Amino acid sequence: MSIVKISIGSRSPPSPPPNGPRHRRVARFGCVSDPLVVVTGVHKHFGDLHVLNDINLTVDRGEVVVVIGPSGSGKSTLCRAINRLETIDAGTISIDGVPLPEEGRALARLRADVGMVFQSFNLFAHETILDNVTLGPIKVRQQSRAAAEQKARDLLERVGVADQADKYPANLSGGQQQRVAIARSLAMDPKVMLFDEPTSALDPEMITEVLDVMVGLAEDGMTMIVVTHEMGFARKAAGRVVFMADGQLVEEGTPDQFFTRPTTTRAREFLGKILTH
């Protein structure tokens, strides 16, 4: 499969479908809402460090929320807390109306509905690419091997690495491995996809191929929470930009609002530093 390369920031994004991410966010500011992820009054400490300080965030079904901010602002901790890879000290988190369980089978079932793509690819080195993608659906979703393999091949085609199915992770580039990681998460039919700095471990020439896949998911209406330093992706794919600093949610708005008319001094300082380099 050939991937159409998108030069981030070089042109205006295509108009989203009527029920896509931007429409849902506008609807939420009006009178319609379809909450999928709800974070309420969340606090998290690492010793004396208050990493998450009274975080309140609602993400609607089909919405793409990009979380940005300086290093140490709590972005990744928030992302990891949403599927309880990090515990919280206070507050609540719910996915599709179900409070995040503390442990056990209920937590495992909920995590199956929450796809997670990390900075590192976390592929099983001793398994082929095809086996990496089919493992979850077979073991967790109880799919037949034939059905899981067919879906895996379709997803590998979708992310542009169908010809790598029988290879091992070590034989793939970093960008290819991250696209496999995305396919692996999609194979579980998640309700929401979490991305924690998915391009930070990649060489510059590999970043675009991963962002292309993520832009495609956004345009298809996948619910996504993306922690990233890629401002071009935020401008192109986000329905809403959330800015965090010092463990707090400081400001949020549409990409146009945030990047051209930030309302807080802290956001203006941050943008002044990153957009001039």
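Computed from a predicted structure; not experimentally measured.

Caption draft 1: How the structure looks around the overall build of the chain. Helix and strand content of the chain: ten helices and ten strands. Looking at the 277 residues of the chain, the share that counts as buried comes to 50%. Restricting to contacts in the chain with at least 6 residues of sequence separation, those with at least 24 account for 68%. When the accessible surface of the chain is totalled, it reaches about 12,800 Å², and 50% of it is carbon and sulfur.

Caption draft 2: Here's a closer look at the side chain of Glu-63. The topology assignment puts Glu-63 in the loop between β2 (49-60) and β3 (64-68). Assessed through its relative accessible area of 0%, Glu-63 is described here as buried. At 2.9 Å, the side chain of Glu-63 forms a polar contact with the side chain of Arg-240.

Caption draft 3: View of the sheet that holds strand β5 (residues 98-99). Within the open sheet, the four strands sit side by side as β2-β1-β4-β5. Their pairing is antiparallel. The sheet is open, and its two borders are formed by β2 and β5, each paired with just one other strand.

Caption draft 4: A look at helix α6 (residues 174-186). Relative to the 18 Å expected for 13 residues at 1.5 Å per residue, α6 spans 19 Å between its end C-alpha atoms, a close match to the ideal helical length. Among the 13 residues that make up α6, 13 are buried, leaving the element largely enclosed by the rest of the structure.

Caption draft 5: Main features of the sheet that holds β3. Taken together, the six strands give an open sheet; going across it, the order is β6-β7-β8-β3-β9-β10, and neighbouring strands pair in mixed fashion. Edge positions in the sheet fall to β6 (114-117) and β10 (248-253), since each has one partner strand and no second. Strand after strand, the sheet turns through a mean of 20° between neighbouring axes, direction not considered. Helix-sheet contacts for helix α10 (residues 265-274) involve β3, β9 (240-245) and β10, and the interaxial angle to β9 is about 95°.

Caption draft 6: Fine view of the environment of Gly-160. If you trace the backbone, Gly-160 turns up in the loop between α5 (145-158) and α6. Using a relative accessible area of 14% as the deciding quantity, one classes Gly-160 as buried. The sequence separation of Gly-160 and Glu-209 amounts to 49 residues, and the corresponding C-alpha distance is 9.0 Å.

Caption draft 7: Molecular detail of unusual backbone geometry. Not every positive phi belongs to a glycine, and Glu-197 is a case in point at roughly 50°. Among the secondary structure elements, Glu-197 is positioned in the loop between β7 (192-196) and α7 (204-219). The phi torsion at Asp-246 lies on the positive side, around 55°, for a residue other than glycine. Positionally, Asp-246 belongs in the loop between β9 and β10. A residue is classified by how much of its surface remains accessible, and Asp-246, at 61% relative accessible area, is exposed.

Caption draft 8: How the structure looks around the packing of aromatic side chains. As enumerated under the stated definition, the model contains three aromatic pairs in all. Ring geometry for Phe-243 against Phe-258: centres 5.8 Å apart, planes inclined by 35°, an arrangement best described as tilted. Of the two residues, Phe-243 sits in strand β9 while Phe-258 sits in helix α9 (residues 255-260), which places them 15 residues apart along the sequence. Exposure class is identical for Phe-243 and Phe-258. Each is buried. Between Phe-258 and Phe-259, the aromatic rings sit 5.3 Å apart at their centres with planes inclined by 80°, giving edge-to-face as the arrangement. For the pair Phe-258 and Phe-259, a shared accessibility class is recorded, and that class is buried. In textbook terms, an aromatic cluster arises when at least three aromatic residues are bridged by ring pairs, as seen for Phe-243, Phe-258, Phe-259 and Phe-270. Its end group placed over the ring of Phe-259, Arg-235 keeps NZ or CZ at 4.4 Å from the ring centre.

Caption draft 9: Fine view of the pairing of β6. Covered by surrounding structure in β6 are Val-114 and Met-116 together with Gly-115 and Val-117, the residues of both alternating faces. Sheet topology places β6 next to β7; four bridges connect them, and they run parallel. Bridging from a neighbouring strand, Gly-115 pairs with Met-193 of β7.

About the thresholds
Residues numbered from 1 in each chain as written. Predicted model: local features only at pLDDT ≥ 70, side-chain atom pairs only at ≥ 80, totals over all residues. Heavy atoms only, no water. Helix = DSSP H or I, 4+ residues; strand = E, 2+ residues; numbered from the N terminus. Buried < 20%, exposed > 50% of the residue type's maximum accessible area, 1.4 Å probe, protein only. Contact = heavy atoms within 4.5 Å. Areas by Shrake-Rupley, 256 points an atom, 1.4 Å probe, with all protein chains shown as cover. Polar contact = N/O pair within 3.5 Å; in protein donor to acceptor, adjacent residues only side chain to side chain. Pairing = 2+ DSSP bridges. Expected span 1.5 Å × (residues − 1). Axes fitted to C-alpha atoms, helices over the stretch in contact; angles between N-to-C directions. Phe/Tyr/Trp six-rings, centres within 6.5 Å; stacked < 30°, edge-to-face > 60°. Lys NZ or Arg CZ within 6 Å of the ring centre and 35° of its normal.

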